[in-house]
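# Fold and geometry: a report
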Amino acid sequence: SGFSTARNGSGDLGITVDHATTDLVHSGGGILTAGVWTAIAVTWDGSTTATNAHVYKNLVEISYVTTTNGVGARADDSANSFTIGNISPDAERTWDGKIAYTQVFNRVLTLAEISQATKFPGSITNGLVLYCPLNTTSALDLSGTGNECTHSNTATSTTGPAVFLELPVQAS
């Protein structure tokens, strides 16, 4: 339970947020191409409104094929690990590609900030809670927040664009 940004078998990429009655889903069709580096950014303001979640491919917002608002209480995901890449042992949600950089923010970035963070990973520090350049043999969080990055069934690369998420601050 919680939220995920995932790609399904038909190439759809989007965000899903677990809610008690109906999950928030905002996804677009067939946006990833095998063998082509793609910068992906996902923003979400924490609301139950699906149109407040955005997915960008190379700095352009995708066209959506599924838009479903969340209904009911948000699922508690506080005990879950934050996973980037392949989710083991769930073979249904694989990331068949390489990841070079991952950045996670506790606020929604503007498109200008997304552009800067894509071109210069780690350069936006306001709200940065996780910055893992996965292009090394060790996955270190360089955000200064003390979070942890772990390689898990994910190919990494020394080149390529950033993959990052902006997430709302969760009230405790």
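Located above this text is the structure these notes cover.
Scope of this entry: the structure provided in the associated data block. Computed from a predicted structure; not experimentally measured.

### Thoughts on the pairing of strand S4 (residues 40-44)
- The element S4 is largely enclosed, with a buried count of 5 among its 5 residues.
- Residues Ile40, Val42 and Trp44 point to one face of S4 and Ala41 and Thr43 to the other, with burial holding for every one of them.
- Relative to strand S5 (residues 53-57), S4 is paired through 5 bridges, and the arrangement is antiparallel. Looking at the pairing, valine 42 lines up with valine 55 of S5.

### Observations concerning the environment of leucine 140
- Following the sequence through the fold, leucine 140 ends up in the loop between strand S10 (128-133) and strand S11 (155-156).
- In this view, leucine 140 contacts Tyr131, Cys132, Pro133 and Cys149; residues no more than four positions away in its chain are not counted.

### Focus on the nonpolar core
- One finds Leu13, Ile15, Val17, Leu24, Leu32, Ile40, Val42, Trp44, Ala50, Ala53, Val55 and Ile62 forming the largest nonpolar core, which totals 12 residues.
- Counting only elements with at least two residues in this core, the list comes to strand S2 (13-17), S4 and S5.
- Core analysis: the second largest hydrophobic core is formed by 11 residues, Ala100, Phe105, Ile124 and Leu128 among them.

Cut-offs used in this document
Residues numbered from 1 in each chain as written. Predicted model: local features only at pLDDT ≥ 70, side-chain atom pairs only at ≥ 80, totals over all residues. Heavy atoms only, no water. Buried < 20%, exposed > 50% of the residue type's maximum accessible area, 1.4 Å probe, protein only. Helix = DSSP H or I, 4+ residues; strand = E, 2+ residues; numbered from the N terminus. Pairing = 2+ DSSP bridges. Contact = heavy atoms within 4.5 Å. Core = buried A, V, L, I, M, F, W, Y, C linked by side-chain atoms within 4.5 Å.

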